[in-house]
Amino acid sequence: MLIIGIAGGTGSGKTTVVQQIVEELPADEVCIISQDSYYKDTSHLSYEERIKINFDHPQAIDFDLLVHHLKELKKGNPFEQPVYSFVEHNRTAETVTTHPRKVVIVEGILILTHPEIRQLFDIKIFVHADSDERLIRRLKRDIAERGRDLDEVLTRYQNTLKPMHLQFIEPTKEFADIIIPTNKYNTVAVNVIRSIINQKLSKNES
Ligand code: CTP
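Under the annotation held in an unreviewed UniProt entry, the protein chain carries the name Uridine kinase and is attributed to Marixanthomonas spongiae. Regarding the protein chain, the relevant UniProt record gives this comment under Subcellular location (unreviewed entry): "Cytoplasm". Under the Sequence similarities (unreviewed entry) heading, UniProt states for the protein chain: "Belongs to the uridine kinase family."

Encoded structure:
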(Lines give C-alpha, C1' and ligand atoms only; values in the text may rest on other atoms or scores of the structure.)
Protein backbone atom coordinates (compact mmCIF):
# COMPACT_ATOMS: atom_id res chain seq x y z
CA MET A 1 0.00 0.00 0.00
CA LEU A 2 1.21 3.46 -0.92
CA ILE A 3 -0.17 6.33 1.17
CA ILE A 4 0.12 9.78 -0.38
CA GLY A 5 -0.60 12.97 1.58
CA ILE A 6 -1.56 16.07 -0.42
CA ALA A 7 -1.63 19.38 1.47
CA GLY A 8 -1.80 23.03 0.38
CA GLY A 9 -3.81 26.13 1.16
CA THR A 10 -7.45 26.66 0.42
CA GLY A 11 -8.07 26.97 -3.32
CA SER A 12 -4.57 25.74 -4.15
CA GLY A 13 -5.94 23.03 -6.43
CA LYS A 14 -5.61 19.89 -4.32
CA THR A 15 -8.82 18.45 -5.69
CA THR A 16 -7.64 18.95 -9.30
CA VAL A 17 -4.28 17.31 -8.59
CA VAL A 18 -6.02 14.35 -6.93
CA GLN A 19 -8.34 13.96 -9.93
CA GLN A 20 -5.40 14.10 -12.34
CA ILE A 21 -3.53 11.45 -10.33
CA VAL A 22 -6.44 9.02 -10.07
CA GLU A 23 -7.64 9.51 -13.67
CA GLU A 24 -5.43 6.80 -15.07
CA LEU A 25 -5.49 4.43 -12.12
CA PRO A 26 -8.05 1.60 -12.10
CA ALA A 27 -10.90 2.51 -9.70
CA ASP A 28 -10.30 -0.58 -7.58
CA GLU A 29 -6.66 0.37 -6.94
CA VAL A 30 -7.19 3.76 -5.33
CA CYS A 31 -9.15 5.34 -2.51
CA ILE A 32 -9.41 8.99 -1.48
CA ILE A 33 -9.72 10.32 2.04
CA SER A 34 -10.56 14.00 2.47
CA GLN A 35 -9.66 15.94 5.60
CA ASP A 36 -13.00 17.74 5.21
CA SER A 37 -14.75 14.49 6.16
CA TYR A 38 -13.08 14.78 9.56
CA TYR A 39 -14.42 18.11 10.76
CA LYS A 40 -15.49 17.47 14.34
CA ASP A 41 -19.13 16.60 14.90
CA THR A 42 -20.82 19.85 15.93
CA SER A 43 -24.43 18.65 16.10
CA HIS A 44 -24.70 19.96 19.67
CA LEU A 45 -24.18 23.55 18.40
CA SER A 46 -26.75 25.82 16.74
CA TYR A 47 -26.21 26.97 13.13
CA GLU A 48 -25.28 30.45 14.44
CA GLU A 49 -22.65 28.91 16.70
CA ARG A 50 -21.33 26.63 13.95
CA ILE A 51 -20.63 29.44 11.48
CA LYS A 52 -18.33 31.03 14.06
CA ILE A 53 -16.04 27.97 14.15
CA ASN A 54 -12.48 28.46 12.92
CA PHE A 55 -12.43 25.76 10.25
CA ASP A 56 -8.81 26.44 9.37
CA HIS A 57 -7.39 25.63 12.79
CA PRO A 58 -6.05 22.11 13.46
CA GLN A 59 -8.37 21.88 16.48
CA ALA A 60 -11.40 21.83 14.17
CA ILE A 61 -10.31 18.45 12.83
CA ASP A 62 -10.92 15.08 14.47
CA PHE A 63 -7.37 13.88 13.81
CA ASP A 64 -7.78 10.98 16.27
CA LEU A 65 -10.49 9.51 14.06
CA LEU A 66 -8.40 10.07 10.92
CA VAL A 67 -5.38 8.33 12.50
CA HIS A 68 -7.62 5.46 13.59
CA HIS A 69 -9.05 5.09 10.06
CA LEU A 70 -5.62 5.20 8.41
CA LYS A 71 -4.41 2.49 10.78
CA GLU A 72 -7.45 0.35 9.94
CA LEU A 73 -6.62 0.71 6.23
CA LYS A 74 -3.02 -0.31 6.86
CA LYS A 75 -4.33 -3.44 8.61
CA GLY A 76 -6.39 -4.14 5.49
CA ASN A 77 -9.76 -3.21 7.00
CA PRO A 78 -12.47 -1.00 5.45
CA PHE A 79 -13.95 1.88 7.48
CA GLU A 80 -16.86 4.32 7.37
CA GLN A 81 -15.69 7.78 6.22
CA PRO A 82 -17.98 10.57 7.52
CA VAL A 83 -19.63 12.88 4.97
CA TYR A 84 -19.48 16.64 5.66
CA SER A 85 -21.90 19.36 4.52
CA PHE A 86 -20.37 22.79 3.86
CA VAL A 87 -23.85 24.27 3.68
CA GLU A 88 -24.90 22.96 7.12
CA HIS A 89 -21.36 23.31 8.54
CA ASN A 90 -21.77 19.86 10.02
CA ARG A 91 -21.33 16.13 9.51
CA THR A 92 -24.29 14.51 7.79
CA ALA A 93 -25.90 11.26 8.90
CA GLU A 94 -24.27 9.45 5.95
CA THR A 95 -20.92 7.71 5.72
CA VAL A 96 -19.00 6.25 2.78
CA THR A 97 -17.48 2.81 3.11
CA THR A 98 -13.82 3.23 2.22
CA HIS A 99 -11.87 0.10 1.28
CA PRO A 100 -8.11 -0.50 1.52
CA ARG A 101 -6.48 -0.02 -1.88
CA LYS A 102 -2.98 -0.13 -3.33
CA VAL A 103 -2.93 3.66 -3.54
CA VAL A 104 -4.45 5.72 -0.72
CA ILE A 105 -4.66 9.49 -1.18
CA VAL A 106 -5.26 11.73 1.82
CA GLU A 107 -5.88 15.39 0.99
CA GLY A 108 -6.52 18.49 3.07
CA ILE A 109 -5.20 21.87 4.14
CA LEU A 110 -3.89 20.70 7.53
CA ILE A 111 -2.89 17.07 7.05
CA LEU A 112 0.85 17.74 7.22
CA THR A 113 0.51 19.53 10.58
CA HIS A 114 -0.01 16.25 12.44
CA PRO A 115 3.25 14.37 13.21
CA GLU A 116 1.69 10.91 13.49
CA ILE A 117 -0.17 11.33 10.20
CA ARG A 118 2.96 12.63 8.48
CA GLN A 119 4.72 9.43 9.49
CA LEU A 120 2.03 7.31 7.87
CA PHE A 121 2.62 8.94 4.47
CA ASP A 122 5.00 7.38 1.95
CA ILE A 123 4.93 10.50 -0.23
CA LYS A 124 4.17 14.01 1.04
CA ILE A 125 3.06 16.58 -1.54
CA PHE A 126 2.40 20.30 -1.07
CA VAL A 127 0.33 22.03 -3.74
CA HIS A 128 1.29 25.69 -4.15
CA ALA A 129 -0.69 28.52 -5.74
CA ASP A 130 -0.21 32.23 -5.03
CA SER A 131 -2.55 33.71 -2.44
CA ASP A 132 -4.37 35.99 -4.92
CA GLU A 133 -5.00 32.97 -7.14
CA ARG A 134 -6.29 31.00 -4.15
CA LEU A 135 -8.57 33.82 -3.02
CA ILE A 136 -10.10 34.14 -6.50
CA ARG A 137 -10.78 30.38 -6.66
CA ARG A 138 -12.14 30.30 -3.14
CA LEU A 139 -14.49 33.22 -3.82
CA LYS A 140 -15.86 31.65 -6.98
CA ARG A 141 -16.33 28.25 -5.36
CA ASP A 142 -17.87 29.37 -2.07
CA ILE A 143 -20.41 31.56 -3.87
CA ALA A 144 -21.25 28.97 -6.54
CA GLU A 145 -21.17 25.80 -4.45
CA ARG A 146 -21.19 26.52 -0.75
CA GLY A 147 -24.02 29.05 -0.39
CA ARG A 148 -21.85 32.03 0.70
CA ASP A 149 -21.82 35.68 -0.40
CA LEU A 150 -18.93 37.97 -1.40
CA ASP A 151 -18.73 39.84 1.88
CA GLU A 152 -18.82 36.65 3.97
CA VAL A 153 -15.94 35.06 2.02
CA LEU A 154 -13.77 38.18 2.07
CA THR A 155 -14.30 38.72 5.80
CA ARG A 156 -13.46 35.08 6.53
CA TYR A 157 -10.40 35.30 4.29
CA GLN A 158 -8.99 38.35 6.07
CA ASN A 159 -9.86 37.34 9.62
CA THR A 160 -9.29 33.61 9.50
CA LEU A 161 -8.04 32.01 6.29
CA LYS A 162 -5.02 34.22 5.77
CA PRO A 163 -3.70 34.17 9.36
CA MET A 164 -4.33 30.42 9.69
CA HIS A 165 -2.61 29.79 6.38
CA LEU A 166 0.48 31.66 7.51
CA GLN A 167 0.51 30.09 10.97
CA PHE A 168 -0.33 26.44 10.20
CA ILE A 169 -0.43 25.57 6.51
CA GLU A 170 2.48 27.35 4.81
CA PRO A 171 5.06 26.08 7.40
CA THR A 172 4.21 22.46 6.49
CA LYS A 173 5.71 22.99 3.05
CA GLU A 174 8.94 22.14 4.80
CA PHE A 175 7.77 18.54 5.29
CA ALA A 176 6.91 18.02 1.62
CA ASP A 177 8.89 15.68 -0.63
CA ILE A 178 7.43 17.37 -3.69
CA ILE A 179 5.97 20.86 -4.18
CA ILE A 180 3.63 21.25 -7.15
CA PRO A 181 3.10 24.76 -8.56
CA THR A 182 -0.54 25.13 -9.56
CA ASN A 183 -0.98 28.73 -10.63
CA LYS A 184 -1.61 27.01 -13.94
CA TYR A 185 -2.95 23.53 -14.67
CA ASN A 186 0.14 21.39 -14.19
CA THR A 187 0.39 18.23 -16.26
CA VAL A 188 4.15 17.69 -16.07
CA ALA A 189 4.30 17.55 -12.26
CA VAL A 190 1.36 15.17 -12.12
CA ASN A 191 3.02 12.90 -14.69
CA VAL A 192 6.09 12.77 -12.46
CA ILE A 193 3.93 11.76 -9.48
CA ARG A 194 2.15 9.16 -11.61
CA SER A 195 5.40 7.56 -12.63
CA ILE A 196 6.58 7.45 -9.01
CA ILE A 197 3.32 5.69 -8.13
CA ASN A 198 3.68 3.21 -11.00
CA GLN A 199 7.29 2.52 -10.09
CA LYS A 200 6.43 1.86 -6.44
CA LEU A 201 3.45 -0.29 -7.35
CA SER A 202 5.40 -2.47 -9.73
CA LYS A 203 8.19 -2.85 -7.15
CA ASN A 204 5.66 -3.87 -4.48
CA GLU A 205 4.26 -6.52 -6.78
CA SER A 206 7.57 -8.16 -7.58
N1 CTP B 1 -14.71 25.39 5.31
C2 CTP B 1 -15.83 26.20 5.14
N3 CTP B 1 -16.98 25.88 5.80
C4 CTP B 1 -17.03 24.81 6.62
C5 CTP B 1 -15.90 23.98 6.80
C6 CTP B 1 -14.74 24.32 6.11
O7 CTP B 1 -15.80 27.17 4.39
N8 CTP B 1 -18.16 24.52 7.23
C9 CTP B 1 -13.48 25.75 4.60
C10 CTP B 1 -12.34 26.04 5.53
O11 CTP B 1 -12.35 27.41 5.85
C12 CTP B 1 -11.11 25.61 4.73
C13 CTP B 1 -11.67 24.92 3.51
O14 CTP B 1 -13.04 24.69 3.79
O15 CTP B 1 -10.35 26.74 4.34
C16 CTP B 1 -10.97 23.61 3.20
O17 CTP B 1 -11.27 23.18 1.92
P18 CTP B 1 -10.33 23.60 0.67
O19 CTP B 1 -8.95 23.22 0.94
O20 CTP B 1 -10.61 24.98 0.27
O21 CTP B 1 -10.97 22.70 -0.44
P22 CTP B 1 -10.40 21.48 -1.27
O23 CTP B 1 -11.43 21.27 -2.34
O24 CTP B 1 -10.09 20.38 -0.35
O25 CTP B 1 -9.03 22.03 -1.87
P26 CTP B 1 -8.61 22.78 -3.18
O27 CTP B 1 -9.37 24.07 -3.23
O28 CTP B 1 -7.15 22.96 -3.01
O29 CTP B 1 -8.97 21.85 -4.31
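So, the UniProt feature "domain: Phosphoribulokinase/uridine kinase" (unreviewed entry) in the protein chain
When the UniProt feature table is mapped onto this chain numbering, "domain: Phosphoribulokinase/uridine kinase" (unreviewed entry) sits at residues 3-188. In the segment residues 3-188, helix accounts for 37% and strand for 22%; the C-alpha atoms at its two ends are 21 Å apart.

Comments concerning the packing of helix 5 (residues 131-145) against helix 6 (residues 150-169)
Packed helix pairs are characterised by how far apart their axes lie and by the angle those axes make with each other. Packing of helix 5 against helix 6 brings their axes to within 11 Å, and their N-to-C directions diverge by 135 degrees. Taken together, the axes of helix 5 and helix 6 lie oblique to each other. Taken as a pair, helix 5 and helix 6 cross one another with a handedness that is right-handed. Mapping the contact onto sequence places S131, R134, L135, R138, L139, D142 and I143 in helix 5 and L150, V153, L154, R156, Y157, L161 and H165 in helix 6. For the contact of helix 5 with helix 6, the per-class residue count stands at eight nonpolar, two polar and four charged.

Some points on empty space enclosed by the protein
All told, the structure shown has one cavity of 30 Å³ or more when counted by the stated rule. Elements represented by at least two residues in the lining of the largest cavity include exactly helix 5 and helix 6. Broken down by element, the residue count for the lining of the largest cavity peaks at four residues, all from helix 6. Class assignment for the residues of the lining of the largest cavity results in two nonpolar, no polar and five charged.

Focus: the layout of surface pockets
Quantified by volume, the largest pocket comes out at close to 940 Å³. If you trace the largest pocket, you find 42 residues lining it, with T15, D36, E107, R141 and R146 closest to the centre. For the lining of the largest pocket, the element with the most residues is helix 1 (residues 14-23), which contributes seven residues.

Considerations on the nonpolar core
If you look at the biggest cluster of nonpolar residues, it comprises 31 residues, and the most contacted ones within it are I33, L66 and V106. Counting residues per element, the ones that place at least two in this core are strand 1 (2-7), strand 2 (30-34), helix 3 (63-74), strand 3 (79-85), strand 5 (103-107), helix 4 (115-120) and helix 6. Per-element tally for this core: the top contributor is helix 3, with five residues. Beyond its immediate chain neighbours, meaning those up to four positions away, L66 contacts I33, Y38, I111 and I117. In this structure, I4, I123, V190 and I197 belong to the second largest nonpolar core, which totals 20 residues.

Here is what the cut-offs are and how they apply
- Residues numbered from 1 in each chain as written.
- Predicted model: local features only at pLDDT ≥ 70, side-chain atom pairs only at ≥ 80, totals over all residues.
- Heavy atoms only, no water.
- UniProt positions renumbered as here; feature names shortened; annotations may be inferred.
- Helix = DSSP H or I, 4+ residues; strand = E, 2+ residues; numbered from the N terminus.
- Axes fitted to C-alpha atoms, helices over the stretch in contact; angles between N-to-C directions.
- Parallel < 35°, antiparallel > 145°, perpendicular 65-115°, else oblique.
- Left-handed = near helix turned anticlockwise from the far one by under 90°.
- Contact = heavy atoms within 4.5 Å.
- Nonpolar A, V, L, I, M, F, W, Y, C, P; charged D, E, K, R; others polar.
- 1 Å grid on protein atoms, 1.4 Å probe; cavity = no way out; pocket = protein on both sides within 12 Å on 5 of 7 lines; lining within 4 Å.
- Points joined across faces, edges and corners; volume = space filled by probe spheres on them.
- Core = buried A, V, L, I, M, F, W, Y, C linked by side-chain atoms within 4.5 Å.
- Buried < 20%, exposed > 50% of the residue type's maximum accessible area, 1.4 Å probe, protein only.

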